[in-house]
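Take a look at the letters that make up each chain.
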Amino acid sequence: MKKDKNPLKEKITCPLCGSQFIPESFHLEKPSLEPKWYKSERMDFGRGSYQLNIRPFTLIRRFWVTHCTECGYILKFAAEIGKKELVDDPTGKGGSGEFGEFGKTFTHNFYSIENPYMDYLDYFVEKLNIIQEDIKKVLDEIKMAEWGSIYKDWKENKTIDSFKFLVRFISSLDDYYKSQLGNDVKKEMPDKIKELNFSEALSESLIKINNIRNKAVHKGYELDDQDDNTIDETFFQFMFNLVLKQLKKLNLNEIQIEKEYNFIDVNKIKLEIRGFLGRYLGGNLRLKDLYKNFLIPLLEKLEISTE
């Protein structure tokens with residue numbers, strides 16, 4: 001069955017009270033009575049008569065049903081229509097619903113039709129999708145999935161030890177610097193870190209683990225458990241800072257509901273955004289205790305209620 005074009009993004013005018021409204025929902029309904037498959041008329045001629053059976057041109061097998069939000073008037077729209085169409089290559093055995101009329105063979109082919117108008121959920125999902133795409137776009141700018149990948153490798157791949165992760169971390173940090181401020185081979189990493197304008201505490205931590213990397217590379221220094229914890233905590237704070245910086249661009253605490261969506265509860269949008277951020281960040285970063293230690297503080301910084 002083929003489908004018709006997408007639902008219309010406009011209000012329905014009630015034929016009873018004349019009000020214009022966004023339908024709360026549509027549901028599918030079958031006719032309470034079976035549709036008539038043919039009309040029968042007895043035709044008289046001379047001294048005799050005969051029965052004339054003609055199948056209808058269309059059959060409605062299902063309806064889209066909604067109601068006026070003002071007066072409750074029930075509106076129905078066709079959801080599945082059977083169209084009477086000529087059979088190019090009839091079987092001659094009346095199969096597949098074939099029937100003859102006036103020396104030709106026909107059948108009713110059924111086609112599905114989408115709900116004709118967007119309902120509340122359609123508008124809600126459309127608005128939410130716009131925001132979610134904006135979130136993914138700004139997080140893609142910092143290649144968040146790649147950051148999460150190197151962290152996951154460190155935690156789950158036994159061939160990736162803390163030293164290898166640290167080397168990849170600093171290398172990715174350098175790539176981030178280039179993406180933000182361009183490539184300057186003459187500058188040392190501590191200077192690059194300072195230019196990225198992180199908080200003083202984070203900058204100091206990044207410089208500290210860069211020094212650990214240098215000692216391990218040039219002096220054969222062996223990383224210990226304390227170094228592991230320092231690297232882990234620094235990565236956590238770095239990602240938190242980076243994600244926060246990107247999401248602040250969107251002003252998610254001040255979501256504007258355009259006129260066409262003014263019937264949508266903005267608090268429900270924010271609730272879905274919180275859930276989306278939890279799933280998206282969790283799926284990409286794989287950080288331990290992400291909800292408690294990362295997501296909740298992040299939402300608080302973004303001034304999005306966590307209740």
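Definitions and limits used
- Residues numbered from 1 in each chain as written.
- Predicted model: local features only at pLDDT ≥ 70, side-chain atom pairs only at ≥ 80, totals over all residues.
- Heavy atoms only, no water.
- Pairing = 2+ DSSP bridges.
- Helix = DSSP H or I, 4+ residues; strand = E, 2+ residues; numbered from the N terminus.
- Axes fitted to C-alpha atoms, helices over the stretch in contact; angles between N-to-C directions.
- pLDDT = per-residue confidence, 0-100.
- Salt bridge = Lys/Arg side-chain N within 4 Å of Asp/Glu carboxyl O.
- Buried < 20%, exposed > 50% of the residue type's maximum accessible area, 1.4 Å probe, protein only.
- 1 Å grid on protein atoms, 1.4 Å probe; cavity = no way out; pocket = protein on both sides within 12 Å on 5 of 7 lines; lining within 4 Å.
- Points joined across faces, edges and corners; volume = space filled by probe spheres on them.
- Phe/Tyr/Trp six-rings, centres within 6.5 Å; stacked < 30°, edge-to-face > 60°.
- Polar contact = N/O pair within 3.5 Å; in protein donor to acceptor, adjacent residues only side chain to side chain.
- Contact = heavy atoms within 4.5 Å.
- Parallel < 35°, antiparallel > 145°, perpendicular 65-115°, else oblique.
- Left-handed = near helix turned anticlockwise from the far one by under 90°.
- Nonpolar A, V, L, I, M, F, W, Y, C, P; charged D, E, K, R; others polar.

A. Inspection of the sheet that holds strand β7 (residues 74-86) at higher detail. Within the open sheet, the five strands sit side by side as β3-β6-β7-β9-β8. Their pairing is antiparallel. Only two strands of the sheet have a single neighbouring strand rather than two, namely β3 (27-29) and β8 (99-101). Taken over all neighbouring pairs, the strand axes of this sheet differ in orientation by 35° on average, direction set aside. By the bridge criterion, nine bridges tie strand β6 (residues 58-67) to β7 in an arrangement that is antiparallel. By the bridge assignment, V65 is partnered in β7 with K76.

B. Expanded view of the confidence of the model for the protein. When pLDDT is averaged along the protein, the result is 88, and 89% of the positions lie at 70 or above. Looking over the protein, one finds the lowest element-wise mean pLDDT in strand β4 (residues 39-45), namely 61, and the highest in strand β1 (residues 12-13), namely 96.

C. Up close: the pattern of salt bridges. A full pass over the atoms with the stated rule returns 13 salt bridges. K127 is the salt-bridge partner of E258, the closest N and O atoms lying 2.9 Å from each other. With a gap of 131 residues between them, E258 in the loop between α6 (225-248) and α7 (266-285) and K127 in helix α1 (residues 120-140) connect regions that are remote in the sequence. What makes E258 partly exposed here is its relative accessible area of 36%. A residue is classified by how much of its surface remains accessible, and K127, at 5% relative accessible area, is buried. D153 is the salt-bridge partner of R168, the closest N and O atoms lying 3.4 Å from each other. Placement of the pair is R168 in helix α3 (residues 162-181) and D153 in helix α2 (residues 144-156), with a sequence separation of 15 residues. According to the relative accessible area criterion, R168 is partly exposed, its value standing at 28%. It is possible to trace a salt-bridge network through shared partners that takes in R61, R62 and E80.

D. Geometry of the layout of surface pockets. Of the volumes computed, that of the largest pocket is approximately 230 Å³. Around the largest pocket, the lining residues are E141, I142, K143, E146, W147, I150, S172, D175, Y176 and S179. Those elements that provide at least two residues to the lining of the largest pocket are α2 and α3. With four residues, α3 is the single largest residue contributor to the lining of the largest pocket.

E. Fine view of the packing of aromatic side chains. Evaluated as defined, the whole model comprises 24 aromatic pairs. Taken together, a centroid distance of 6.4 Å and an interplanar angle of 80° make the contact between F26 and W64 edge-to-face. You can see F26 sitting in the loop between β2 (20-21) and β3 and its partner W64 sitting in strand β6, a full 38 residues away along the chain. On the basis of relative accessibility, which here comes to 12%, the residue F26 falls in the buried class. Judged by centre distance (5.8 Å) and plane angle (55°), the ring pair of Y120 and F263 falls under tilted. Taken together, the residues span a long stretch of sequence, with Y120 in helix α1 and F263 in the loop between α6 and α7 at a distance of 143 residues.

F. Expanded view of the side chain of K192. Mapped onto the secondary structure, K192 falls in helix α4 (residues 189-195). In terms of polar contacts, K192 uses its side chain to reach the side chain of D174, at 2.8 Å. Beyond its immediate chain neighbours, meaning those up to four positions away, K192 contacts D174, Y177, D184 and K187.

G. Quick peek at the packing of α3 against α6. Across the interface, α3 lies against α6 with an axial gap of 11 Å and an inter-helix angle of 25°. When the axis of α3 is compared with that of α6, the two are roughly parallel. The hand of the α3/α6 crossing is left-handed. The segment α3 lies against α6, with S162, F165, L166, F169, L173, Y176 and Q180 engaging D228, I231, T234, F235, F238, L242 and K245. Residue classes in the contact of α3 with α6 are distributed as nine nonpolar, three polar and two charged.

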